[in-house]
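Listed below are the residues making up each chain.
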Amino acid sequence: MEFFSNRKSIVLPILFWFSLTLIFNNNGVVEASHKVSMQLQSVAAVNVMQVHRTGYHFQPTRNWINGPMYYNGIYHLFYQYNPEGAVWGNIVWAHSVSKDLINWNRLEPAIYPSEPFDRYGCWSGSATILPGNKPIILYTGIIDNNQTQVQNYAIPANLSDPYLTKWIKPKNNPLITADVSVNKTAFRDPTTAWFGPDGHWRITIGGRRRNRGVSAQHPLHSQAKTGNWECPDFYPVSVSGKHGLDTSVMGPSVRHVFKVSLDATRYEYYTIGTYKNDKYVPDEGMIDGWNGLRYDYGNFYASKSFFDPSKNRRILWGWANESDTQDNDVKKGWAGIQLIPRTIVLDPSGKQLLQWPIEEVEALRRQKVDLNNKELVHGEKIEINGITAAQADIDVTFSFQSLDKAEPFDPTWDRYDAQKLCGQKGSTVDGGLGPFGLLTLASENLEEFTPVFFRVFKDQNKHLVLMCSDASRSTLANGKSNSNDGKDAYRPSFGGFVDVDLTEMKLSLRSLIDNSVVESFGAGGKTCISSRVYPTLAIYNNAHLYAFNNGTETIKIESLNAWSMSNPLQMNR
């Protein structure tokens, strides 16, 4: 890798690493992975359809979206946005600001293609606060039709502007270019920088090279057989698990998290490990590959975390693309949402992270209903009345008297493929201990519903808890695209296992429901699943919410609290 020689305007020296992986087929072809629909990327929305638009999730007023930053009391969200259409293309860095992560004001784009070093695109990157309280953006620029990628930087035009509305791209860009040993079309998404004890700043960049997982000059981490890495994230977590840490914090009471978005599978995985001598090593027992831990086992990608010093927390923000047909994306005039920001801390076991919706979202709660000590026998369901079921927040704790009826876990099942098991053992398939949970966005006669549920299995000397969020029954709409090259709807039964102690024989579930998205947090945020759904009957006031049990073991709703959720006063207008 090489730096350009004229870097005198960069005050602080920067070291950088690649996050590199094995390539399955790199025969010199372009590796940029976004599918560009040339005939659709600039089709403007004439009438923006409101059905299925979320009420309290961040999204632009129209068209297509995809790093956050806290600076001087203001939260900034920079996001990939197509101002001209509802599919990927024409990407700029849109910019919105907020004082509470709930109400958002839209500003003019911060960065857009305008210079030789980004003329063909301004792709993802990150923000860093440098000494002297000076923010800087690092981003990937596309410099030619071959999708050659370089790393650039931008700085605010006026630090006294509280919203940082104008950004400057210095003429000495690009900051980092790839040398001949690097695949220049798979070289993107610089992370937030961290400051080392030697006085140098460090970043890592996602990519892959030739047919081996190899290091560049100073590799942070690499792993074979995982495909191209996008949107890497690297940050410390406190062993105490109570507070977030600035990205540069190190020490004996700190572990590190390394996350990548997998280009090949379109999901993410992370590991927890040790960072020492400019090397990251996952802890023993961590699965470093496609079967590894995930932030979210559903529709969740291109996530980015940042440190919020105002509340001493680390916040994770993920993106959920549409899973409807491409035809419908264009027809409704918008695509993509940001999921609710989540706090992330280390689980007391040290083996995984815990995620939970930020506390600010609770300010949107309105009328409340509760239900306590209600038993559900086999085949029973109960409606949760008194709230707006299409836009709600539900927090429930289930309990049971015995584990004896847990079904045996078949040794032929793939214990790393919870999604496949959820497809086989759906909410309507009777079991022993489960399935039990919630039927969200349900029509009155259950022609449509999106169940979120648990099922407990007996596996040798322990129990396995399966959590599912099933979109396969969510709509009566035809999921086939009318375009020859358009994508069909994607309606899987997402699933993940929950590593939870069942000594007290309880399982908790929180679900945030918002018209076309269901975000669910199992066992206090140990396992999270987000689904995008598009009902035709269960919309607005015609949506219903039920708790159910289709297992032979009686389930008790120990406590259930549910709220209607209002819209923010200002949503990105």
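Worth saying up front: this structure is predicted, and the values here are computed from it rather than measured. (Residues numbered from 1 in each chain as written. Predicted model: local features only at pLDDT ≥ 70, side-chain atom pairs only at ≥ 80, totals over all residues. Heavy atoms only, no water.)

Peer 1: How do you make sense of the overall build of the protein when you look at a structure like this?
Peer 2: Assigned secondary structure in the protein consists of two helices and 39 strands. Within the protein, buried positions represent 60% of all 573 residues. (Helix = DSSP H or I, 4+ residues; strand = E, 2+ residues; numbered from the N terminus. Buried < 20%, exposed > 50% of the residue type's maximum accessible area, 1.4 Å probe, protein only.)

Peer 1: Hey, could you run me through the sheet that holds strand E18 (residues 254-262) in this one?
Peer 2: Paired through their backbone hydrogen bonds, the strands of a sheet run either parallel or antiparallel. Taken in spatial order, the four strands line up as E17-E18-E19-E20 in an open sheet, and their pairing is antiparallel. Taken across any chain shown, the strands that pair with only one partner, and hence form the sheet edges, are strand E17 (229-238) and strand E20 (279-282). Strand-to-strand twist in this sheet, taken as the mean axis angle between neighbours without regard to direction, amounts to 35°. Here strand E19 (residues 268-276) pairs with E20 via four bridges, running antiparallel. Residue pairing in the sheet places Lys276 in a bridge with Lys279 of E20. (Pairing = 2+ DSSP bridges. Axes fitted to C-alpha atoms, helices over the stretch in contact; angles between N-to-C directions.)

Peer 1: Before we go on, may I ask you to explain the state of the cysteines in this structure?
Peer 2: Each disulfide is one covalent bond, formed between the sulfur atoms of two cysteines. Under the criterion given, the structure shown has one disulfide. Here Cys422 connects covalently by a disulfide to Cys468, the sulfurs 2.0 Å from one another. The S-S bond linking Cys422 to Cys468 shows a torsion near -85°; that makes this disulfide left-handed. Taken together, the residues span a long stretch of sequence, with Cys422 in helix H2 (residues 418-424) and Cys468 in strand E33 (residues 462-470) at a distance of 46 residues. Here Cys422 matches Cys468 in class, with each residue buried. (Disulfide = S-S within 2.5 Å.)

Peer 1: Sorry, what's going on with the environment of Tyr153 here?
Peer 2: Counting through the fold element by element, Tyr153 comes out in strand E10 (residues 149-156). Sequence spacing of Tyr153 and Ala127 is 26 residues, and the spatial spacing of their C-alpha atoms is 9.5 Å. Within the local environment of Tyr153, its side chain forms a polar contact with the side chain of Asn172, the two groups lying 2.8 Å apart. (Polar contact = N/O pair within 3.5 Å; in protein donor to acceptor, adjacent residues only side chain to side chain.)

Peer 1: Quick question: what am I supposed to make of the pattern of salt bridges here?
Peer 2: Proximity of charged atoms lets side chains of opposite charge pair with each other. Evaluation of the coordinates by the stated rule reveals 31 salt bridges. Put simply, Glu115 and Lys171 hold a salt bridge, and the shortest N to O gap is 2.9 Å. Note that Glu115 is positioned in the loop between strand E7 (105-111) and strand E8 (121-130) and Lys171 in the loop between strand E11 (167-168) and strand E12 (176-177), a separation of 56 residues in sequence. Judged by its relative accessible area of 65%, Lys171 falls in the exposed class. Residue Glu519 pairs with Arg342 through a salt bridge whose shortest N-O separation is 3.3 Å. With Glu519 in strand E36 (residues 517-522) and Arg342 in strand E25 (residues 342-346), the pair connects residues that are 177 residues apart, well separated along the chain. For Glu519, a relative accessible area of 0% corresponds to the buried category. When salt bridges with common partners are traced through the structure, they connect Asp308, Lys311, Arg313, Glu359 and Glu360 into a single cluster. (Salt bridge = Lys/Arg side-chain N within 4 Å of Asp/Glu carboxyl O.)

Peer 1: How do you make sense of the side chain of Ser474 when you look at a structure like this?
Peer 2: Within the secondary structure, Ser474 is located in the loop between E33 and strand E34 (493-498). Under the relative-accessibility criterion, Ser474 is labelled buried at 2%. Only 2.7 Å separates the side chain of Ser474 from the backbone oxygen of Ala471, close enough to count as a polar contact. Apart from the residues within four sequence positions on either side, Ser474 is in contact with Glu448, Phe449, Thr450, Val533 and Pro535. (Contact = heavy atoms within 4.5 Å.)

Peer 1: Help me understand the sheet that holds strand E27 (residues 365-376) in this model?
Peer 2: Pairing is antiparallel across the open sheet formed by six strands, whose spatial order is E27-E39-E29-E35-E36-E37. Across the chains shown, the open sheet's two edge strands, defined by having one partner strand only, are E27 and strand E37 (527-532). On average, each strand axis in the sheet is inclined to that of its neighbour by 15°, with strand direction left out of account. Relative to E36, strand E35 (residues 506-514) is paired through five bridges, and the arrangement is antiparallel. Bridge assignment links Leu509 to a residue of E36, and that residue is Gly522.

Peer 1: Teacher, can you tell me more about the environment of Thr128 here?
Peer 2: Counting through the fold element by element, Thr128 comes out in strand E8. Classification of Thr128 by relative accessible area gives buried; the value is 6%. Separated by 61 residues in sequence, Thr128 and Gly67 place their C-alpha atoms 9.6 Å apart. Each residue touching Thr128, except ones within four places of it in the same chain, is listed here: Lys134, Pro135, Ile136, Thr192, Ala193 and Trp201. A distance of 2.9 Å separates a polar side-chain atom of Thr128 from the backbone nitrogen of Ala193.

Peer 1: Help me out: how do you make sense of the pairing of strand E6 (residues 92-98) in this one?
Peer 2: Within a regular strand, side chains alternate between the sheet's two faces. Across the seven residues that make up E6, a large majority, seven, are buried. The side-chain alternation of E6 yields two buried faces, one formed by Val92, Ala94, Ser96 and Ser98 and the other by Trp93, His95 and Val97. For strand E5 (residues 74-82) and E6, the ladder comprises seven bridges, and the chain directions are antiparallel. Residue pairing across strands places Tyr81 opposite Val92, the latter belonging to E6. Alignment of E6 against E7, held across four bridges, turns out to be antiparallel. Along E7, the bridge assignment pairs Ser96 with Arg106. Linkage of E6 to E7, two consecutive antiparallel strands, is achieved through a turn of six residues, within which Leu101 is found at a positive phi near 65°.

Peer 1: How should unusual backbone geometry be read in this particular structure?
Peer 2: The phi angle of most residues is negative, glycine excepted, and most peptide bonds adopt the trans form. For the bond running from Asn173 to Pro174, omega is 0°, close enough to zero to count as cis. Relative to the helices and strands, Pro174 is located in the loop between E11 and E12. One non-glycine residue with positive phi stands out, namely Gln147, at about 65°. Checked against the element boundaries, Gln147 lands in the loop between strand E9 (134-142) and E10.

All quantities given are derived from atomic positions and should not be read as evidence of function.
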